[in-house]
Structures are given as structure tokens and as C-alpha cells.
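One-letter residues, chain by chain:
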Amino acid sequence: MPLPIHSDTPERRDHLQQLVSQWGFVPMRKQLDSGLLLYLDAERLSLKDLGDKKLGAVSVDFTDGAARHRRLHGGGRGEAVAKAVGARGQATPSVLDATAGLGRDAFVLASIGCQVTMLERSPVAAALLQDGLMRAQLDAEIGPWIGQRMRLLPGSAVDRMSDWQGDAPEVIYLDPMYPHRKKSAQVKKEMRLFQAMLGPDEDADLLLAPALALATKRVVVKRPDYAPPLCERKSDAQITTKTHRFDIYFCS
């Protein structure tokens, strides 16, 4: 069911109508007291849970906060996700992030020089991500490269990988949604909203076969430490962190 969207900022009404047309959102016709709502203010698009005022809003911001701190102090090529995709030395493989979500890992890979194409089937997540990318391109610090290294394609990852157009990516990165047990406030906020909206990826196992058929070098699957591998298929290698692991499958 399409999510309602609202803006009380008159100068952004044209942009609101564009989002309605592009993503199929429904303009809010009456005051709502509960449920999920997309809200467009003077600065950004965000997702809110009207029934939980303490939860706050979820938006995409590559220029400040956690994304900026991770880019400047997170370790760059030393990060586990960079090692997992094979970004060692001067290597910057082309990456297809087939389950982009809010683009956090994709941004890390782009910040070290990888060309990242992102797929996202949820119109809400894709719209939030598109909004974050548009604002990031206006930033003096990261704007000059973010538009060149990060590209968003909405739609089903399985369908797009099965009928890929253009050069095949060297690496395909998969991070399907999985129920989270951790207590991090940031994870809890986003997961509560996205689980309420989408639920877990019941069809996550369908991603592995087309990914292995398309990638030219490797497929990387990010999993919580307690989750089984996709399709119960043992990986060729693993990189582990305190809470996650990266299952790596090499392509012949």
C-alpha cells in the first residue's frame, strides 16, 4: 500500500508532486495520528512513525553525522566492507549493491573510489536515498565525486540482475534485511520503521544465484553473526566483525 506523503512547506509543493508522480506516494488529505508518513520539509525527505514520537525520523544524509564521521574516521580501506569487496592497495572494483537500503555501505565504498550502482526495490527507501544523493551533490566537500561514483536504479534486484544491461559488475554486494537482536538505538530506530514497512526479506535466498551468475569476481553477503548463510551455502571465505560477518563467494 502506498505511503502517505506530506509537506507544509509551500515552496516545495512542486517537489512533493514530483515524488507523488515518480514513486506512487499518496498526498495526505487529512490529519493522521498514527502510521508511517513521509514528510518533506525545507531541507529533506524523511520517514516518520506518527504513533511513536520518541522514535524520531529516518532520512539519508551523506554530508554530516554518522556518514561523515565514518568517511573521515571509519578506516576507509581498512573497513571490513572494503576488505570484503577486495578494495586492497589501489584496487577499486566496480560494485553492484543489490540491496542498497539507505546506502551506508555503498557510500563507504564510493568514498574510497569504487564505482557503485545501487538497486533498491522499496519506493520509500529509494526515494529517501535519492533525496540524500541529490543533497550530497550540492556539498562542496563530497559533491564533486558522489554523483560520479554512486548511481541508483530502483526496482527488483532479482529481475535486474537476471536481465542486466551493460558491463557486468566485478563485485555484487548483498545485505538483505534480517531481524536485528542488537540494542543500538540507531539500528533499532531504522529497523523498527523498515520492519514495520517491509518486514524481513523472506525471498533473500533468491538473490544469490543471479548474483553469482552476473558478478565477474565475487559476491559478498553481509549477515548478522547469528544468521545462516544464504541458501545454506557455505562461503569460500569470511570476514567477521563483532556483530556481523561477510560471506564471500568467488566467481570462476
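Quick notes on the rules
Residues numbered from 1 in each chain as written. Predicted model: local features only at pLDDT ≥ 70, side-chain atom pairs only at ≥ 80, totals over all residues. Heavy atoms only, no water. UniProt positions renumbered as here; feature names shortened; annotations may be inferred. Pairing = 2+ DSSP bridges. Helix = DSSP H or I, 4+ residues; strand = E, 2+ residues; numbered from the N terminus. Contact = heavy atoms within 4.5 Å. Axes fitted to C-alpha atoms, helices over the stretch in contact; angles between N-to-C directions. Parallel < 35°, antiparallel > 145°, perpendicular 65-115°, else oblique. Left-handed = near helix turned anticlockwise from the far one by under 90°. Nonpolar A, V, L, I, M, F, W, Y, C, P; charged D, E, K, R; others polar. Buried < 20%, exposed > 50% of the residue type's maximum accessible area, 1.4 Å probe, protein only.

Per an unreviewed UniProt entry, the protein is named Ribosomal RNA small subunit methyltransferase J, and its organism is Corallincola luteus. Taken from UniProt, the Subcellular location (unreviewed entry) comment for the protein reads in full: "Cytoplasm". Under the Catalytic activity (unreviewed entry) heading, UniProt states for the protein: "guanosine(1516) in 16S rRNA + S-adenosyl-L-methionine = N(2)-methylguanosine(1516) in 16S rRNA + S-adenosyl-L-homocysteine + H(+)".

**Q** Looking at this model, I keep getting lost on the sheet that holds strand β3 (residues 36–40). Mind explaining?
**A** Sheet strands pair via backbone hydrogen bonds, and the direction of the pair is either parallel or antiparallel. Pairing is mixed across the open sheet formed by 5 strands, whose spatial order is β2-β1-β3-β4-β5. What marks the edges here is a single partner per strand, and that holds for β2 (26–27) and β5 (57–58). Sheet topology note: the strand β4 (residues 45–49)/β5 ladder contains 2 bridges and is antiparallel. Counted as the bridge partner of Leu47 is Val58 from β5. Taken strand by strand, helix α1 (residues 13–23) contacts β1 (4–6), β2, β3 and β4, and its axis lies near 165° from that of β1. Along the sheet face, helix α5 (residues 123–136) touches β3, β4 and β5 and points at about 140° away from the line of β4.

**Q** Whenever I open this one, the packing of α1 against α5 confuses me. Can you help?
**A** As a packed pair, α1 and α5 sit with axes 11 Å apart at the nearest point and diverge in direction by 135°. Viewed along their axes, α1 and α5 adopt a mutual orientation that is oblique. When the axes of α1 and α5 are compared, the crossing they make is right-handed. Where α1 abuts α5, its residues His15, Gln22 and Trp23 lie against Pro123, Ala126, Ala127, Gln130, Asp131 and Met134. Counted by class, the contact of α1 with α5 contains 5 nonpolar, 3 polar and 1 charged residues.

**Q** Before we go on, may I ask you to explain the pairing of β3 in this structure?
**A** Residues in a regular strand point their side chains to alternate faces of the sheet. A large share of β3 lies buried, amounting to 5 of its 5 residues. Neither face of β3 is open: one carries Leu36, Leu38 and Leu40, the other Leu37 and Tyr39, and all of them are buried. The pairing of β1 with β3 spans 2 bridges and is parallel. Bridging from a neighbouring strand, Ile5 pairs with Leu38 of β3.

**Q** Quick question: what am I supposed to make of the pairing of strand β10 (residues 218–224) here?
**A** In terms of burial, β10 is a largely internal element, 7 of the 7 residues being buried. Here β10 shows a buried face lined by Arg218, Val220, Lys222 and Pro224 and a second buried face lined by Val219, Val221 and Arg223. Two elements, strand β9 (residues 171–174) and β10, share 4 bridges in a ladder whose sense is parallel. Residue Val171 lies in a different strand from β10, and its bridge partner there is Arg218. Looking at chain direction, β10 and strand β12 (residues 244–250) are connected through 7 bridges and run antiparallel. What sits directly across from Lys222, in β12, is Phe246.

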